[in-house]
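# Descriptive structure summary
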Amino acid sequence: MRNLRIPFLFSAIALVLVNSLMAAAAGQHGGGHSSPAASLLPACQGAALPAPDCGRTPAAAFDGQGRLWLVFSQNGHLYLTYSADRGASFAAPTVVNRVPEKISDDGENRPKLLLGDAGQVFLSWTVKTPGKYAGAVRFARSLDGGRHFDDPVTVNDDHAPISHRFDAMARDRRGRLYILWLDKRDLAAAKRNGSDYAGAAVYYAVSDDDGASFTANRKLVDHSCECCRIAVDIDDDDRLVALWRHVYPVNLRDHAIARVRADSTTLSGEPVRATDDGWIVDGCPHHGPDLSLSKADGQAGKAHITWFTRGTKHRGLMYGRFDLDQGQLELQQSIDEAPAASRPQVLATNGRVWRAWKAFDGSSTRLMAADSTDEGETWSAARVIAQTAAASDHPDLIAWHDEVFLSWHTQAEGYRLLPITEATP
Amino acid sequence: MKQRSRSIFVACWLSAVVACSLSWSVHATPRPFDADSLHAIERARDGQPFMLVLWSLDCPPCLTELATLGRTVSQLSDQRLVLISTDTTADDAEIDALMKRVGLTRFEHWRFADGFVERLRYAVDADWYGELPRVYLYPPDHARVSYSGILDDDTLGQWLRQLVSDTRAQE
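Residues numbered from 1 in each chain as written. Chains lettered and ligands numbered in written order. Predicted model: local features only at pLDDT ≥ 70, side-chain atom pairs only at ≥ 80, totals over all residues. Heavy atoms only, no water.

## A few points about the confidence of the model for chain B
The line we're drawing: The pLDDT value tells you how sure the predictor is about a given residue, anywhere from 0 up to 100. Residues count as neighbours in contact if any of their non-hydrogen atoms are within 4.5 Å of one another.
Overall, the prediction assigns chain B a mean pLDDT of 88, with 84% of residues at 70 or greater. Contacts for the low-pLDDT stretch residues 20-27 of chain B, under 50 throughout, to residues beyond four places or in other chains number 12 contacts.

## Observations concerning the sheet that holds strand 8 (residues 153-154) of chain A
Residue and element names in this part refer to chain A. Heads up, the rule is: Whether two strands pair comes down to DSSP finding at least two bridges between them. Strands here are runs of E lasting at least two residues and helices are runs of H or I lasting at least four, both read from the DSSP assignment and numbered beginning at the N terminus.
If you trace the 4 strands from one edge of the open sheet to the other, you get 5-6-7-8, paired in antiparallel fashion. The sheet is open, and its two borders are formed by strand 5 (112-115) and strand 8, each paired with just one other strand. For strand 7 (residues 135-142) and strand 8, the ladder comprises 2 bridges, and the chain directions are antiparallel. Following the sheet pairing, Phe139 is matched in strand 8 by Val153.

## Things to note about the state of the cysteines
Let me state the cut-off plainly: Criterion for a disulfide: a pair of cysteine sulfur atoms within 2.5 Å. Three exposure classes are used, based on accessible area relative to the maximum for each residue type with a 1.4 Å probe and protein chains only: buried under 20%, partly exposed in between, and exposed over 50%.
According to the stated counting rule, one finds 3 disulfides over all chains in the structure shown. At a sulfur-sulfur separation of 2.1 Å, the disulfide partner of Cys44 of chain A is Cys54 of chain A. Its S-S torsion of approximately -75 degrees makes the covalent link between Cys44 of chain A and Cys54 of chain A left-handed. Of the two residues, Cys44 of chain A sits in the loop between helix 1 (2-28) and strand 1 (56-62) while Cys54 of chain A sits in the loop between helix 1 and strand 1, which places them 10 residues apart along the sequence. You can call Cys44 of chain A buried: its relative accessible area is 11%. For Cys54 of chain A, a relative accessible area of 10% puts it in the buried group. Across the disulfide from Cys59 of chain B sits Cys62 of chain B; the S-S distance is 2.2 Å. Between Cys59 of chain B and Cys62 of chain B the disulfide shows an S-S torsion of about 85 degrees. By sign, it is right-handed. Judged by its relative accessible area of 0%, Cys59 of chain B falls in the buried class.

## Considerations on helix 4 (residues 92-102) of chain B
Residues and elements named next belong to chain B. We count it as follows: The arc in question is traced by the directions running from the helix axis to the C-beta atoms.
Residues Asp92, Ile95, Asp96, Leu98, Met99 and Val102 constitute the buried set of helix 4. Taken down its axis, helix 4 places every buried residue within 165 degrees of arc, on the same side. Exposed positions of helix 4 whose direction lies more than 90 degrees from the buried face are Lys100 and Arg101.

## Re the environment of Ala61 of chain A
Residues and elements named next belong to chain A. Locating Ala61 in the fold gives a position in strand 1. For Ala61, a relative accessible area of 14% corresponds to the buried category. In this structure, the C-alpha to C-alpha distance between Ala61 and Leu115, residues 54 residues apart in sequence, is 7.3 Å. Those residues in contact with Ala61 that lie beyond four places of it in its chain are Arg67, Leu68, Trp69, Leu113 and Leu115.

## Digging into the packing of helix 3 (residues 60-72) of chain B against helix 4 of chain B
Residue and element names in this part refer to chain B. Formally: Between the N-to-C directions of two axes lies an angle of 0 to 180 degrees, each axis being a line fitted to C-alpha atoms and, for a helix, fitted only over the stretch in contact. If an angle is under 35 degrees, it is roughly parallel; if it is over 145, roughly antiparallel; if it lies from 65 to 115, roughly perpendicular; otherwise it is oblique. Three categories are distinguished: nonpolar for Ala, Val, Leu, Ile, Met, Phe, Trp, Tyr, Cys and Pro, charged for Asp, Glu, Lys and Arg, and polar for the others, with Gly belonging to the last.
Their axes nearest at 8 Å, the elements helix 3 and helix 4 cross at an angle of 45 degrees. As far as their axial angle goes, helix 4 and helix 3 are oblique. Residues Leu63, Leu66, Ala67 and Gly70 of helix 3 pack against Leu98, Met99, Arg101 and Val102 of helix 4. Split into classes, the residues belonging to the contact of helix 3 with helix 4 amount to 6 nonpolar, 1 polar and 1 charged.

## What about the pairing of strand 10 (residues 177-183) of chain A?
Residue and element names in this part refer to chain A. Counting buried residues in strand 10 gives 7 out of 7 residues, a clear majority hidden from the surface. Side chains Leu177, Ile179, Trp181 and Asp183 of strand 10 all project onto a buried face; the interleaved residues Tyr178, Leu180 and Leu182 project onto the opposite face, where all are buried too. Remark: 5 residues form the turn of the hairpin made by strand 9 (residues 164-171) and strand 10, two consecutive strands paired antiparallel; Gly175 in that turn has positive phi of roughly 95 degrees. Judged from the 7 bridges that link them, strand 10 and strand 11 (residues 200-207) form a sheet pairing that is antiparallel. Bridge pairing in strand 11 links Ile179 to Ala205.

Right under this line is the structure:
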């Protein structure tokens, strides 16, 4: 017995030593519970201070004075900052959520930012909660230009430990605030009843008091795809327009579009099929659409849309113009057929439509853009706006009046606001 | 003599514990998958059939696929299935827990080494659009075929039978 004690002691010590060495090695490789480093910049290593260069998934918007506002995720917090010089320098960030959360901050599932015209700042995001694919939709607001934020609230009112993710946010001209998300409460209910339910549902809540309170959750539609972002905009009649990847029977992953009545209560008619590419897959595209309603005279009800598909009829990144009044896609074009191309964005300004996307040539990622002066009928040659040879976030198109920019975070270069209007021939 | 035999005993015990611990640690942590890793996976199975499964924690259908595999691959030897998660280092503990839950720990599992997903996806397959789950069947000559989404029962059954018969033909 005594003879055995020493080996046991040794083995216990050895086990602890070896395992701690392995854990240390794993740690050096970036292990742990925080998200991997968003940036390769020296200033962003270790316990870096919050900064647009060092954070993840920035969302950008211009205020009425032309200042660029940015919200980004870093170490479990959302931070808000602004730049008065088009992104050359930023004010000291303020923290949004004082208690750290597991913020979803990957390309497709990222915080959203909207500004009011009286100093209001509205933020929505998704937090991971315990449980398989579980998440909650969060909201926080500031009424004093981002100096102070109210404590965040959870918008999904079932508070169940299931999936409520991929939030989207829009605000109409009357100031009514919409938050939409993909919700699996109907799938959970179907499972309890022993029946099947395809995909998830789109739910939404509305606030008409600047986010002080929200309506009870409402269902927009059943059977959306479960891991693609929702695209939203507001039409000329102050109606919310939403575009999402749908699950048509059986596992047909084309897109659907719908308008919500101006009183915000129900859909204005049934959702209409927006794309017909014939993509049948029992899987996750992880690649949602974008939407921007026309700003041109006489083009009310025309939606410029971009999306990704791998269907039998079309493949790759697509652009189209959808007529909401007629319920028809009246124009469809390929943007980039390459399998590695991603994140097609679209933005309509007065008299011009812009589209942007990421292309990849096997070693570096190129941020591409093109514009159209005839409502999407014809387009300028695609231009390389920037490139990077490491990981990069999804780009966003944003506008200050007629000036258009790409807002892009890349691991090697940090945050950039890239003007693209000037580049037009 | 007695002292010496005890030392030898202790040394053997220690080696066994260290070896066991090392192998446990290696298997419990996904290997970082970089742009060269697919070649390493293929080279290690030169002339041999295998199935390659790409998945992510953020993909509910992937979990269904992994659970099905956990129930159906009992006939496959350890080298015949390789799993690659497109998640990040922060997800390693969750990946390990899932592998245990679905009973796939005996197979090699990898996880994307960095966030430059375009490059890693391209290294796997220049014709892959990133949809998950994504499965490849490698016959012995490695002229692979691909499938996107959850494998239907017929295809999975056919692929597993082919893997088993190709493996037997090798032996």
